[in-house]
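# A structural walkthrough
In case you want the letters, here they are:
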Amino acid sequence: MPLTVNCPICKIPVQWSPQSEFKPFCSERCKMIDLGDWASEKHAIPVKSEFDVDALDELGYDEESFFKE
Ligand SMILES: [Zn+2]
């Protein structure tokens, strides 16, 4: 009985074999969806730490209110 894993995206069983090119995904489509999710999560990480807060203070910005959406 071949080992199978469930595709992380659509949950269908994927045979874990050299023929399963996109394992653990069932297809290139699901692999790309996963990569897209990862990229969008990364993109959502706040960039606040990249700002020089002291420099902003000198410009008269209040840190908390300046970054509030
Ligand atoms: Zn899938």
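This text gives an overview of the structure that appears in the document. (Residues numbered from 1 in each chain as written. Predicted model: local features only at pLDDT ≥ 70, side-chain atom pairs only at ≥ 80, totals over all residues. Heavy atoms only, no water.)

Let's shift gears to the environment of Ser-27. Considering the arrangement of structural elements, one finds Ser-27 in the loop between strand S2 (13-15) and helix H1 (28-44). For Ser-27, a relative accessible area of 22% translates into the label partly exposed. For the pair Ser-27 and Cys-7, spaced 20 residues apart in sequence, the C-alpha separation works out to 8.7 Å. (Helix = DSSP H or I, 4+ residues; strand = E, 2+ residues; numbered from the N terminus. Buried < 20%, exposed > 50% of the residue type's maximum accessible area, 1.4 Å probe, protein only.)

Listed as protein donors to the zinc ion are Cys-7 (SG), Cys-10 (SG), Cys-26 (SG) and Cys-30 (SG); their distances from the metal cover 2.2 to 2.3 Å. With 4 donor atoms in place around the zinc ion and angles of 103 to 120° between them, the coordination shape is tetrahedral. (Donors = N, O, S within 2.8 Å, 3.2 Å for Na, K, Ca; no water. Tetrahedral: all angles 85-135°; square planar, octahedral: opposite > 155°, others 65-115°.)

For the rest of this paragraph, the subject is unusual backbone geometry. The omega angle of the peptide bond from Lys-23 to Pro-24 is 5°, so this bond is cis rather than trans. On the secondary structure map, Pro-24 appears in the loop between S2 and H1. Positive phi is not limited to glycine here, since Lys-11 has a value of about 70°. When you line up the elements, Lys-11 lands in the loop between strand S1 (4-6) and S2. Judged by its relative accessible area of 56%, Lys-11 falls in the exposed class.

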